[in-house]
Amino acid sequence: MVRRRRTKKRPAFGIPGEVILLRGRNDWPYTFGADDARGGCGKVSMAAESASEDVRAAVSTQLADLIRTLHGVEIDVVWSPLTSDSWVGRITPSDAP
């Protein structure tokens, strides 16, 4: 029997550079982009009235878990407001092991 050589699967996108978070009617959608012009999106199922600090922490945790799984890298996210209902998070690789 002939076996195929196992190859390491490439991640669908590079390490994102930023994430944009919006306050929705019933949840908090976000989108992120990487340098290779790819990225993704998601949402945090928290009420729109939830504290933005809690939602930003949840998004940071979701992205950190995803990047750790796909790339084996820890990240830091630094948030700043875009408008009263939206935020941008700058993503940088962390120095933590």
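Our structure is the block above this text.
Computed from a predicted structure; not experimentally measured.

What should I look at first to understand the pattern of salt bridges in this one?
Two side chains bearing opposite charge may form a pair once their charged atoms approach each other closely. Taken as a whole and assessed by the stated rule, the structure comprises five salt bridges. The residue K43 makes a salt bridge to D27 at a minimum N-O spacing of 3.4 Å. With K43 in strand β3 (residues 39-44) and D27 in the loop between β1 (16-22) and β2 (28-34), the pair connects residues that are 16 residues apart, well separated along the chain. Connected through shared salt-bridge partners, D65, R68 and E74 make up one network.

Would you mind going over the nonpolar core with me for this structure?
Note on soluble globular proteins: their nonpolar side chains tend to be buried together. Residues V19, L21, Y30, V59, L63, I75 and W79 are the most contacted members of the largest nonpolar core, which totals 17 residues. When residues of this core are assigned to their parent elements, the largest contribution, five residues, is made by helix α1 (residues 52-71). In this structure, L63 is in contact with V19, F32, I75 and I91, ignoring residues within four places of it in sequence.

Is there a simple way to explain the packing of aromatic side chains in this structure?
Geometry of an aromatic ring pair is reported as the spacing of the ring centres plus the angle between the planes. Applying the stated rule across the entire model yields one aromatic pair. An angle of 40° between the planes, with centres 5.8 Å apart, marks the rings of W28 and W87 as tilted. Taken together, the residues W28 in strand β2 and W87 in strand β5 (residues 86-93) connect sequence positions 59 residues apart. W87 gets classed as buried once you look at its relative accessible area, which sits at 7%.

What exactly am I supposed to notice about the sheet that holds β1 here?
Think of a sheet as strands paired side by side through backbone hydrogen bonds, with each pair either parallel or antiparallel. With antiparallel pairing, five strands are arranged side by side in an open sheet as β3-β2-β1-β5-β4. At either end of the open sheet lies a strand with only one pairing partner, and these are β3 and β4 (75-83). For this sheet the average axis-to-axis angle between neighbouring strands, irrespective of direction, equals 20°. Here β1 pairs with β5 via five bridges, running antiparallel. In the sheet register, I20 faces β5, and the bridge partner there is V88.

The rules behind the values
Residues numbered from 1 in each chain as written. Predicted model: local features only at pLDDT ≥ 70, side-chain atom pairs only at ≥ 80, totals over all residues. Heavy atoms only, no water. Salt bridge = Lys/Arg side-chain N within 4 Å of Asp/Glu carboxyl O. Helix = DSSP H or I, 4+ residues; strand = E, 2+ residues; numbered from the N terminus. Core = buried A, V, L, I, M, F, W, Y, C linked by side-chain atoms within 4.5 Å. Buried < 20%, exposed > 50% of the residue type's maximum accessible area, 1.4 Å probe, protein only. Contact = heavy atoms within 4.5 Å. Phe/Tyr/Trp six-rings, centres within 6.5 Å; stacked < 30°, edge-to-face > 60°. Pairing = 2+ DSSP bridges. Axes fitted to C-alpha atoms, helices over the stretch in contact; angles between N-to-C directions.

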